[in-house]
Amino acid sequence: MLTPVQDMKWLQNINCIFHCPKKLLPFTNPFTFTRQLTLPSFPPNPETLKVLCSNGQLTEALLLMAIIGFGMKFEGYDTLLNACVTRKAIREGQRVHAHLIKTGYHPPVYLRTRLIVFYNKCECLKDARQMLDEMCERNVVSWTAMISAYSQRGYCSEALSLFVQMLRSDTQPNDFTFASVLTSCTGASGFGLGSQIHSLIIKSKFESHIYVGSSLLDMYAKAGKIHEARRVFECLPERDVVSCTAIISGFAQLGLDEEALKLFRKLQVEGMSSNYVTYASLLTALSGLAALDHGKQVHSHVLRCKVPSYVVLQNSLIDMYSKCGSLVYARRVFDNMAERTAISWNAMLVGYSKHGMGNEVLELFKLMREENKVKPNSVTYLAVLSGCSHGGMEDRGLEIFDEMLYCKDGVELEIEHYGCIVDLLGRAGRVEEAFKFIKKMPFEPTAAIWGSLLGACRVHSNVDIGEFVGQRLLEIEPDNAGNYVILCNIYASAGRWEDVKILRELMNQKAMTKEPGRSWIELDQTLHTFHASDRSHPRREEVFTKVRELSVKFKEAGYVPELSCVLHDVDEEQKEKILLGHSEKLAMTFGLIATPEGTSIRIMKNLRICIDCHNFAKFVSKVYGRKVSLRDKNRFHHIVGGTCSCGDYW
DNA sequence: TTAGGGTTAG
């Protein structure tokens, strides 16, 4: 134990090395210094530095560095920098760097590289780059440390250009370099470079390296080249949790949810080990499938096996529960979190928003601001604005948008936020206002924004604006069949059958292909999927007979088939037949047959639900007293007693 | 001394 420093020599030494001891030391005047220093040995020796660093006594270690002064050697600096990296001690690391300069010590490449790593860890990328630039001699490790720093912080183009610079300097990349640089090969240009880097990897014989391979397959998956990703995965001589997770998450991120689930099961049988990232990726796939039973099973497995409840995993659980329609469970996970990130709040807000629960969105947003631990970001505002829109709270939504105009919370307005307002105005029936709003936007309207207004024109029967917007959309997206359908609905509701006919002919000429509609229902952990006029389900005959029966029954109760939903140029009887074959009707009918009376029917659809199926669902709920929960591409529809939570607007 | 997979929105 060293009581208040009285040894003046120490302090003189310190002052000689640091011109500004005030900043470094916890005292301003040697005579007023009262802090007790705990040194493991006295008088201190170079070994003491190691002990201090491993104890986390960085203040003491820096003091000792000052005492040692010009006598500091490689090992001492290495020990100190190591401790600063581990503890992300920015000021202390900077002091070590300053000391190094002041004493005129010329650090070897090794120490300079350590400084790059230190500055990266402290998120001071400019300082890290300066270290690299000032190096006369660089080796593969120093290049890689900087490339990896850029990659980790998302500076992809900087990472790639540094990699090219490295190759030009005739430095051979190693496995670390490849694994790092590949994570920067994202986006349109990234994939081209990524493929070239792949060739280089093959040439350098690193293709079978597990870190390089994982990074490589992830690069392909993120570029949407899932077959290439799978090929790289299959060629790996060994697999570990990261490579397995990378390929599962690759499928899930591309929306290939069933494939992701299948692969997870297969790899599990083959002995794959899983961790919280694997489960988070699996939950993404289950959210897409709205497979609640599976999701619950994963949740209980995670709890049973005591997988650490990292925020990422909990965020995935919130998302899974809300996308499966179980907001109560989602909120329970959210409320029990020890720590929340912006993603946790956003996932919960998006959940409420998609269920049209505007009040809950606003209350949670208020809580987020009151707690003031996590700042709202761009996604938070998207969720809140869209929550106001779906929840029918347009005035509050407009107020929040106005706040954004003044850059509240430092979130900049993006085109998607403007899109939310178009949706909000349109939904509220303020179609002309929405149209004027689009014209005044500081962005060029996208197809999504016009599409949103077109939907409003359909619901609020505004033929004039609808026609203008529809024609505009047909120019921008000539191959999107959905736009033709909505415009046809608008013309049909105005009795403009000649225009409906012209549109149909146009569609036939173009031989348009529409993404096939698909609906599914989960029963006892099994997903039953139906396509339009599906003949593949084992109980298809039963389903088809029943759906025809329902049609007759519902007609007696007032159901009128919405024939304008069918664009094929066929007679009315045929149109009715096509409508009855819609996948969501088949899934609903199957639900009605296969689940006990009085229980809810939960259906998922990959596209937006059509008007006719929406009507049909209302009759299912009214005639059979069943609650129908229908998740389409846009939102949830909770249909009870013939009324839908979406207010017939989606 | 340097490395790979992850959660919200679109």
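Everything numeric in this text was worked out from a predicted model, so none of it was measured. Every chain is numbered on its own, with residues counted from 1 as its sequence reads. Whichever chain is written first is A, and whichever ligand is written first is 1; the rest continue in order. Reporting in this predicted model follows two pLDDT cut-offs: at least 70 for local features of residues, and 80 or more for side-chain atom pairs to be given and counted; totals over whole chains, interfaces and linings ignore these cut-offs and use all residues. As a rule here, side-chain values cover all heavy atoms of the structure and leave hydrogens and water aside.

Novice: Please set out the overall build of chain A residue by residue, giving values where relevant.
Specialist: Per the convention used, a helix needs a DSSP run of H or I reaching at least four residues, while a strand needs a run of E reaching at least two, with both numbered from the N terminus. When helices and strands are tallied, chain A shows 34 helices and six strands. Its C-alpha atoms give chain A principal-axis dimensions of roughly 100 × 55 × 50 Å. Residue exposure (1.4 Å probe, protein chains only): buried if accessible area is under 20% of the type maximum, exposed if over 50%, otherwise partly exposed. Taken over 650 residues, chain A has a buried fraction of 52%. Accessible surface is estimated by sampling points in the Shrake-Rupley manner with a 1.4 Å probe; for residues, cover comes only from the protein chains shown. For chain A, the exposed area adds up to about 31000 Å²; of that, 52% sits on carbon and sulfur atoms.

Novice: Talk me through helix 10 (residues 156-168); I want residue IDs and the actual numbers.
Specialist: Because an α-helix completes one turn every 3.6 residues, residues spaced three or four positions apart along the sequence face the same direction. To estimate the expected span of a helix, count its residues, drop one, and scale the result by 1.5 Å. Look at helix 10: 19 Å from first C-alpha to last across 13 residues, which is about the 18 Å you get at 1.5 Å a residue. What helix 10 keeps buried is the set Ala 159, Leu 160, Leu 162, Phe 163 and Met 166. Taken down its axis, helix 10 places every buried residue within 165 degrees of arc, on the same side. Exposed and oriented more than 90 degrees from the buried face of helix 10 are Ser 157 and Arg 168. Only heavy atoms matter for contacts: two residues are in contact if any of them lie within 4.5 Å across the pair. Check the buried side of helix 10 and you find it contacts helix 8 (125-133), helix 9 (140-152), helix 11 (175-182) and helix 12 (187-203). Directly beyond the C-terminal end of helix 10, a positive phi value near 65 degrees is found at Asp 170. Note that the arc is defined by the directions from the helix axis to the C-beta atoms.

Novice: Requested: an account of the UniProt feature "repeat: PPR" (unreviewed entry) in chain A, with residues and values cited.
Specialist: Per the UniProt record, "repeat: PPR" (unreviewed entry) is found at residues 139-173, 240-274 and 341-375. Secondary structure over residues 240-274 splits into 74% helix and 0% strand, and the C-alpha atoms at its two ends are 9 Å apart. Segment residues 341-375 splits into 77% helix and 0% strand. End C-alpha atoms: 9 Å apart. UniProt positions are given in the numbering used here, feature names are shortened, and annotations may be inferred rather than shown by experiment.

Novice: Got a sec to walk through the pairing of strand 5 (residues 636-640)? Specific residues and values, please.
Specialist: With respect to burial, strand 5 is a largely interior element, four of its five residues being buried. Here strand 4 (residues 628-631) pairs with strand 5 via four bridges, running antiparallel. Bridge assignment links Arg 631 to a residue of strand 5, and that residue is Phe 636. Between the end of strand 4 and the start of strand 5, which pair antiparallel, lie four residues. Only strands that DSSP links by at least two bridges are regarded as paired with each other. In terms of strand pairing, strand 5 meets strand 6 (residues 643-644) through two bridges, oriented antiparallel. Its bridge partner lying in strand 6, Ile 639 is registered against Cys 644. Following strand 5, the chain reverses through two residues before pairing antiparallel with strand 6; Gly 641 in that reversal takes a positive phi of roughly 55 degrees.

Novice: I'd like to hear about the nonpolar core, residue by residue, with values.
Specialist: With 162 residues, the main nonpolar core has Leu 80, Met 146, Ile 197 and Leu 453 as its most contacted residues. With eight residues, helix 29 (residues 481-493) is the single largest residue contributor to this core. Setting aside its immediate chain neighbours within four residues, Leu 453 contacts Val 422, Val 431, Ala 434, Phe 435, Ile 438, Ile 465 and Val 469. Membership of the second largest hydrophobic core comes to 35 residues, among which are Phe 554, Val 566, Ala 587 and Ile 601. Each nonpolar core is a collection of buried residues, namely Ala, Val, Leu, Ile, Met, Phe, Trp, Tyr and Cys, held together in the definition by side-chain atoms within 4.5 Å.

Novice: Tell me what's going on with the packing of helix 10 against helix 11, and back it up with residues and numbers.
Specialist: Working convention: axes come from line fits to C-alpha atoms, limited for helices to the stretch in contact. Angles between N-to-C directions cover 0 to 180 degrees. Two elements in contact, helix 10 and helix 11, have axes separated by 10 Å at closest approach and are oriented at 150 degrees. Regarding the angle of helix 10 to helix 11, the classification is roughly antiparallel. As for the relative orientation of helix 10 and helix 11, their crossing is left-handed in sense. The residues of helix 11 that touch helix 10, namely those facing Ala 159, Leu 160, Phe 163 and Met 166, are Thr 177, Phe 178 and Val 181. Just so you know how the angles are binned, under 35 degrees is roughly parallel, over 145 roughly antiparallel, 65 to 115 roughly perpendicular, and the rest oblique. Each crossing gets its handedness from the near helix: less than a right angle anticlockwise from the far helix is left-handed, clockwise is right-handed.

Novice: I'd love a proper account of the protein's contact with DNA strand B, names of residues and values included.
Specialist: Looking at DNA strand B, there are 46 residues lining it, with Ser 214, Tyr 276, Val 312, Asn 315 and Asn 346 nearest. Pairing of N or O atoms within 3.5 Å defines a polar contact, subject to two protein rules: one partner must be a possible hydrogen donor and the other a possible acceptor, and residues neighboring in sequence count only if both atoms are side-chain atoms. For DNA strand B, a base oxygen lies 3.4 Å from a polar atom in the side chain of Thr 113. Taking Ser 148, its side chain carries an N or O atom lying 3.2 Å from a phosphate oxygen of DNA strand B. Mapped onto the surface near DNA strand B, the elements with two or more residues apiece are helix 7 (109-121), helix 9, helix 11, helix 13 (210-222), helix 15 (241-253), helix 17 (276-289), helix 19 (311-323) and helix 21 (342-354). Residue polarity is assigned by list, with Asp, Glu, Lys and Arg as charged and Ala, Val, Leu, Ile, Met, Phe, Trp, Tyr, Cys and Pro as nonpolar; anything else, Gly included, falls into the polar class. Residue classes in the surface near DNA strand B are distributed as 16 nonpolar, 22 polar and eight charged. Residues are labelled near a given molecule or strand when at least one of their non-hydrogen atoms is within 4 Å of it.

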